[in-house]
Amino acid sequence: MIVYLNGDYLPSEKALIPVEERASNFGDGIYEVASFAGGRFFAFDEHMDRLRYSAREIQLKLPEDPAVYAKVAERLWGENNLGDYGTVYIQVTRGAAPRMHAFPANGTRPTVYLTTKPGKYVPDEDRAQGRPAITHPDLRWGRCDIKSLNLLPNVLAKQAAAEAGAQDCILVRDGIAIEGASSNFFAVLGGTLVTHPRGPHILGGITRQHVLRLAEAMGIPVREEPIPVEAVWKADELFFCGTTTEVMPITKIDGKIAGGGRRGPIADKLQTALHKEMWGK
Ligand code: PDD
């Protein structure tokens, strides 16, 4: 697999990062994941806008305008011959420097790397079956709106989900169902589509924005407000959404049937519309 590292295109085994890299010492960096579907990257500009936002919020000066990564991603996709579906990861760190928590000396070059990953597209008949989820305490920090490379709480939550045979976790903070460990979370409550409002406790998901816009265009009532865990059990429909998740129904939580135990009509319509936009057909 060919990857991009600081301006070079290299076989992944030749793309080496120094041990003093701040991403590995401190998780001091940010990232984005965009999907490739039907010949192009989906919503790439929106991902680059969020990369700019994350960079600004951690005071990381990007070494170039991230708009240039569109061409890098396309070149990698072609050189790696990856077919019609998968993802690209864009990671930017504060660079390699002698270990010290505070920012390194001016002039330390951020490390930029892009990697591509072919994916297996989930057929809609399979997606319609939904996936089980578990509830898990949200152990993350107070700036989940930044797409930071610090993913240890997400790793632990995802491992707990994997061990339970679940797709993802509903992360719970102070009795509120916040989001998934790598996705946003939606509930249909009394005919209204509800999701946690944007703010420091969730990632402002790009798929989440598309889903809200599509729902409004369909005339589905939408509310952005906190969802108490008890309300989750009363929901007509539940789903996760994200770049790789799309609209994935949740049909069981902690081993018990939830969200009606099937994909509901709202999740069905939203997935159909999102799929159309992603694939352009
Ligand atoms: N995850 N919330 C969290 C914590 C996430 O990590 C993600 C994305 C989302 C959904 O955001 P978007 O729709 O912009 O992908 C919500 C990516 C896919 C990942 O880390 O692999």
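Scoring rules and cut-offs
- Residues numbered from 1 in each chain as written.
- Predicted model: local features only at pLDDT ≥ 70, side-chain atom pairs only at ≥ 80, totals over all residues.
- Heavy atoms only, no water.
- Pairing = 2+ DSSP bridges.
- Helix = DSSP H or I, 4+ residues; strand = E, 2+ residues; numbered from the N terminus.
- Buried < 20%, exposed > 50% of the residue type's maximum accessible area, 1.4 Å probe, protein only.
- Arc of directions from axis to C-beta.
- Near = heavy atom within 4 Å.
- Polar contact = N/O pair within 3.5 Å; in protein donor to acceptor, adjacent residues only side chain to side chain.
- Areas by Shrake-Rupley, 256 points an atom, 1.4 Å probe, with all protein chains shown as cover.
- Nonpolar A, V, L, I, M, F, W, Y, C, P; charged D, E, K, R; others polar.
- Domains from an automatic or database assignment.
- Contact = heavy atoms within 4.5 Å.
- Buried area = accessible area lost by both parts, 1.4 Å probe.
- Salt bridge = Lys/Arg side-chain N within 4 Å of Asp/Glu carboxyl O.

> I keep staring at the sheet that holds strand β6 (residues 111–118) and nothing clicks. Help me out?
Two pairing modes exist for strands in a sheet, parallel and antiparallel, and in both the strands are linked by backbone hydrogen bonds. If you trace the six strands from one edge of the open sheet to the other, you get β2-β1-β6-β5-β3-β4, paired in antiparallel fashion. Of all the strands in the sheet, the pair left with one neighbour each is β2 (8–11) and β4 (40–41). Both strand β1 (residues 2–5) and β6 contribute to a ladder of two bridges, which runs antiparallel. Following the sheet pairing, Leu5 is matched in β6 by Tyr113.

> It is not clear to me how helix α3 (residues 69–79) should be interpreted in this structure. Could you clarify?
Three or four residues apart is the spacing at which side chains of an α-helix point the same way, because the helix has 3.6 residues per turn. Of the residues making up α3, those classed as buried are Tyr69, Val72, Ala73, Leu76 and Trp77. The arc that holds every buried residue of α3, seen down its axis, measures 135 degrees, which confines them to one face. One or two positions beyond α3, positive phi appears at Asn81, with a value near 55 degrees.

> Would you mind going over the site of the ligand with me for this structure?
Looking at the ligand, there are 18 residues lining it, with Tyr31, Glu179, Ile206, Thr207 and Thr243 nearest. Within the contact set of the ligand, an oxygen atom lies 2.8 Å away from a side-chain nitrogen or oxygen of Arg50. The contact in question runs from an oxygen atom of the ligand to an N or O atom on the backbone of Ile206, over 2.8 Å. Out of a free accessible area of 470 Å², the ligand has 93% covered by protein chains. Across the shell around the ligand, the residue classes tally to six nonpolar, eight polar and four charged. Structurally, the shell around the ligand is a two-domain feature, drawing no fewer than three residues from each of domain 1 (2–118) and domain 2 (124–279).

> Just to check I follow, could you spell out the domain arrangement of the protein for this structure?
Think of interface size as the accessible area that goes away when the parts come together; that is how it is often given. Along its sequence, the protein is organised into domain 1 (2–118) and domain 2 (124–279). The centre of domain 1, based on its C-alpha atoms, is set 26 Å off from the matching centre of domain 2. Contacts between the two partners involve 27 residues from domain 1 and, on the opposite side, 20 residues from domain 2. Taking both sides of the interface into account, the surface hidden between domain 1 and domain 2 amounts to around 2000 Å²; carbon and sulfur atoms contribute 60%. It is Tyr31, Phe42 and Arg50 that lose the most area in domain 1 upon contact with domain 2, and together they represent 31% of the buried surface on that side. Our enumeration of links across domain 1 and domain 2 arrives at one salt bridge. Measuring nitrogen to oxygen at the nearest pair gives 2.8 Å for the salt bridge that ties Arg143 to Glu57. At the boundary of domain 1 and domain 2, one finds 10 residue pairs in polar contact (both at pLDDT 80 or more). Among the elements that take part in the side of domain 1 that touches domain 2, strand β3 (residues 29–37) stands out by supplying eight residues, more than any other. Classifying every residue of the side of domain 1 that touches domain 2 by side-chain character gives 12 nonpolar, nine polar and six charged.

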